[in-house]
Amino acid sequence: MKTAEEIVACLKTASELSELDSQQHLKVDAVTICEQLIDSSFRIAVFAPFKYGKSTLLNALLGQQTLPIGIVPTTGAGIRIKYGKELTTVIRLKGRTIEEAGTKILEDFAVLDENRKMHRDVVSVEVLCPHPLLQKGIELLDLPGTNDMPEQDALVRDQLLKADLVIQILDARELFTLHERENLQQWLVERGINSVVFLVNYSNLLPSNHDRMAVYHRANTIATNFRSNIPSGISNLYRVDALPALRAKINENRIGLYRSGLLTLEVALYTFVSLRQQQVYSSRLPRVHAIATQITNILQVKADTYKKEIQVAEIRRNEEIQRGLERERILRQGFENSIRDLKDWLYLSSLRDRYQSDAASALRYGNFRNWETGAFQQARDQRVQAVERWIRQACQEFGGGYFSSLSLSFPADPTVYTPSKPDSLGFLKSIKNWLNSGQLEKERWNAYERKLDEAYRDAAYNYLNRFSENSSVLSNYESQVVPVIKFRIPPESSEIGYKRERVKVLDQNLKNLNTLSSNLTVESEDVNNEDIDFYGRLKKQVTVYLHFINLLIYPQKVRKPLKERIIKGGVVLILFVVTIGGWMYHQKSLETQKKPEQQHAILEKQPEVKLEPQRQVELERQNRLRKEAKTRATAFVKQLPSGPLRIITGAGVILRQEPRKEVRKGKRLQIGTIVSQLGETTKMGEYWYQVRDTTGKEGWVPGKFTKQLDRNGVGKTYIQLVQEKLNSHPNFGSLVGLCHFLSHAKNEVELENAVVLDRLRLTALQKSLEGSPSLEWINEQRANIRQDDSTGEWRVKEELFQK
Ligand SMILES: Nc1nc2c(ncn2[C@@H]2O[C@H](COP(=O)(O)OP(=O)(O)O)[C@@H](O)[C@H]2O)c(=O)[nH]1
Ligand SMILES: [Mg+2]
């Protein structure tokens, strides 16, 4: 098990990560629950819209007119009532504290001003009161009304999280309004606040006993359906008439007190406190669990979004790298080919083959310079430029290194060692030549010619040889420029680096939250199966009663005459025996039945209402419905197409032929449409899915208008989708879309989810009526709605919510 400090630390860091403004509520909740977890006081809060009798009830419990009620409008700030030796009011203002005997001063500070606003400078309001319940370390909390100003609502929402028991008052004349139902779901259920008991007030104002029974019957259904987490044996439903109770308490009218229902409530409160006070820590954990789950969901969405963005950026970067590497390959190949060509050309043998004769003849005829700067230079430059082109290209594309040119210079002009011409023939040789008809002379000149030719060829060879030595220049150049032809892998953008860091932190926190939640789940189960055995409980209950009897007999700590004490004691003893007897009987029947779902709403002893057989019928009906729903849901999942699925979350999303926003034509997919996922892509920073609907039509839809659908979690996804949609200020069109979706969605999921979805359908329907509903819509929904006689507004029929 985690210590409170560990839980607080985990929740605090996690809630700070969910940095969205729209999640402010959740952040406040996280801070509040952290404060409460380490707070030692045990709080009972009274929660209801204003003028429901909250203050009156608390006054009745305290046995005196402590809090302002009635004509004084309403409680502006939450009033904390704690133990103190004298009745005193302590008002903390910004910068000062006022302490005054009595509670008169409350009328100045703890009520709303003429603009129905709370006093801005009031930090807290406390009343110290010498009541024995408070002396046990209990703190009572009188909350402002909930149906007034947003400021009060925020305060109440916050305070509820700090209450170890919430007493929700219902008005018998208007049981469970839509507003109350919404609050119950959003403020209590979704935040794991389930230590709740319901209290029906004002039933004394109902015209007949028959009405009272009917109301009690309806309230009982509500209370039964609400899975309160309170010790078994304590009912989560009470009937108390607050004003008669207060009068009876002040007048010490015991029978009146019993009739008003207050006595039963008091007994339950004392029992609850004595059972729960030691377990206060573990009983607070379900809320931590609920809040941790909500934070987890937000962090998960965040982490998933970041991961998706990182993935998209990675794909883009990999494509870029692939392109770069491919260019590097092409440039290198080109460079290598061109340099090989140049090298081959520079080989002495190839130079000789190509140019020796031309160079020699140019030398001989005195136009060597022309040849060198003409054909030879052209051949050199062509090849050099081919090499340089690749390097220039690489410099431009990869931007690394500087371009340097390749220079293969011509060597100095060749020197020709010409042979000396033949000398003139001597006398004898001249005669011999004459006799051979000039043959000798011819041979001599021919030999000279050959030598001369040889000399020019040697000179040319020598020249080309020196030029060929440029190959070392070429090798140097090559080794110098090769590094330029290198694609440099671009570093990851700092934004992605940041996102990676965030994902790391988010994942770590999600892990912590998951460990936390799994630990908490075990704890909260422990709370449900309180392991106090039957006799242990009996002992505790008896102790509470003895204490209680003592209270009743000495309310003012003044000893009354013996006769009066005996009478009062007798009355209390009878009550005690009756209640304990009933309670024992109830415990026994629980032991034998062992039906956990029945443990929650055990009826308060109300002799007129016998509900047990009806509850049995109700349970059987629920089981039947549950089975039917399960069969339907399984069949629905079976007929879904195979492969990954998505569900459309937007109203009238266009099924586009291409993943582009500009495409405005295409079939419109309604909210809740299930589609097969065929592919995905990113275009201009937007995520798109290629999908196929059940009619076989294919196309693209923006990722943000879809949600993944898991076959095993259809109900959960439906509920999430609808809740998100309802929270996002939907327009009329969206609400109509939602209602249409919800009218069939409930037939596709299991019973529990179907019930929630049906509630959400009614909420969506109600919201759609609050805007400016079209006549067509009103006609379509006529069976479900009714027009208010006085205001002319359309409202969802109350009875639909009872179903
Ligand atoms: N007749 C009758 N009046 C009640 C009952 N409970 C409260 N009231 C009256 O209802 C009015 C509002 O009560 P209050 O406690 O101030 O309501 P809060 O705004 O919820 O605190 C007061 O005038 C009470 O006297 C009741 O059970 N029966
Ligand atoms: Mg009040």
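Just so it is clear, the structure is predicted and the values come from calculations on it, not from any experiment.

### Side note on the overall build of the chain
Next, step 1: Within the chain, the regular secondary structure consists of 26 helices and 18 strands.
Next, step 2: The 803 residues of the chain split such that 47% are buried.
Next, step 3: A sequence separation of at least 24 residues applies to 75% of the contacts in the chain between residues at least 6 apart.
Next, step 4: Taken as a whole, the chain presents about 41,700 Å² of accessible surface, with 52% of it coming from carbon and sulfur.

### Some thoughts on a nonpolar patch on the surface
Next, step 1: Nonpolar side chains collect at one region of the surface, where Phe427, Leu428, Ile431, Trp434 and Leu435 lie side by side and expose about 680 Å² of accessible area between them.
Next, step 2: Tracing the sequence through the fold places phenylalanine 427 in helix 15 (residues 427-435).

### Digging into the side chain of serine 41
Next, step 1: Relative to the helices and strands, serine 41 is located in the loop between helix 2 (24-37) and strand 1 (42-47).
Next, step 2: Judged by its relative accessible area of 15%, serine 41 is buried.
Next, step 3: Side chain to side chain, serine 41 and arginine 43 meet in a polar contact 3.5 Å long.
Next, step 4: Residue contacts for serine 41: discarding those within four places in its chain leaves Gly137, Glu139, Asp164 and Arg284.

### Here's the deal with helix 2
Next, step 1: When the terminal C-alpha atoms of helix 2 are compared, their 20 Å separation across 14 residues agrees well with the 20 Å that a helix rising 1.5 Å per residue should span.
Next, step 2: Taken together, the buried positions of helix 2 are occupied by Leu26, Asp29, Ala30, Thr32, Ile33, Cys34, Gln36 and Leu37.
Next, step 3: Elements that come into contact with the buried residues of helix 2 comprise helix 1 (4-17), strand 1, helix 6 (150-160) and helix 12 (280-346).

### Observations regarding the site of ligand 1
Next, step 1: Neighbouring ligand 1 are 18 residues; Lys51, Ser55, Thr56, Asn201 and Tyr202 lie closest to it.
Next, step 2: In this structure, threonine 56 approaches ligand 1 through a side-chain N or O atom, which is 2.5 Å from an oxygen atom.
Next, step 3: The backbone of leucine 243 places a nitrogen or oxygen atom 3.4 Å from an oxygen atom of ligand 1.
Next, step 4: Tallied by class, residues from the shell around ligand 1 come to nine nonpolar, six polar and three charged.

### Structural notes on the environment of proline 49
Next, step 1: Take proline 49: it is sitting in the loop between strand 1 and helix 3 (54-62).
Next, step 2: Residue classification places proline 49 among the buried residues on the basis of a relative accessible area of 4%.
Next, step 3: Distance in space between the C-alpha atoms of proline 49 and glutamine 168 is 9.5 Å, their sequence separation being 119 residues.
Next, step 4: The residues contacting proline 49, other than those within four sequence positions of it, are Lys54, Gly145, Thr146, Asn147 and Glu180.

### Overview of the sheet that holds strand 5 (residues 122-129)
Next, step 1: The strand order across the open sheet formed by nine strands is 4-3-5-2-6-1-7-8-9, and the pairing between neighbours is mixed. In this open sheet, the two strands that pair with only one neighbour each are strand 4 (96-101) and strand 9 (237-239). The average angle at which neighbouring strand axes cross in this sheet is 20 degrees, direction not considered.
Next, step 2: When strand 3 (residues 88-93) meets strand 5, the two strands line up antiparallel, connected through six bridges. Across the sheet, the residue bridging to arginine 92 is serine 124, located in strand 5.
Next, step 3: Across the face of the sheet, helix 8 (residues 209-225) comes into contact with strand 8 (196-201) and strand 9 while running at roughly 155 degrees to strand 9.

### Considerations on the pattern of salt bridges
Next, step 1: For the structure on display, the rule yields 43 salt bridges.
Next, step 2: Salt-bridge contacts for arginine 327 lead to glutamate 397; the nearest nitrogen and oxygen are separated by 2.5 Å. Residue arginine 327 is located in helix 12, and its partner glutamate 397 is located in helix 14 (residues 368-398); the two are separated by 70 residues in the primary sequence.
Next, step 3: With relative accessibility at 33%, the residue glutamate 397 sits in the partly exposed group.
Next, step 4: A salt bridge links glutamate 449 to arginine 364; the nearest nitrogen and oxygen atoms lie 2.7 Å apart.

Criteria and cut-off values
Residues numbered from 1 in each chain as written. Chains lettered and ligands numbered in written order. Predicted model: local features only at pLDDT ≥ 70, side-chain atom pairs only at ≥ 80, totals over all residues. Heavy atoms only, no water. Helix = DSSP H or I, 4+ residues; strand = E, 2+ residues; numbered from the N terminus. Buried < 20%, exposed > 50% of the residue type's maximum accessible area, 1.4 Å probe, protein only. Contact = heavy atoms within 4.5 Å. Areas by Shrake-Rupley, 256 points an atom, 1.4 Å probe, with all protein chains shown as cover. Patch = residues over 30% accessible without salt bridge, like charges linked within 9 Å, V, L, I, M, F, W, Y side chains within 5 Å. Salt bridge = Lys/Arg side-chain N within 4 Å of Asp/Glu carboxyl O. Polar contact = N/O pair within 3.5 Å; in protein donor to acceptor, adjacent residues only side chain to side chain. Expected span 1.5 Å × (residues − 1). Near = heavy atom within 4 Å. Nonpolar A, V, L, I, M, F, W, Y, C, P; charged D, E, K, R; others polar. Pairing = 2+ DSSP bridges. Axes fitted to C-alpha atoms, helices over the stretch in contact; angles between N-to-C directions.

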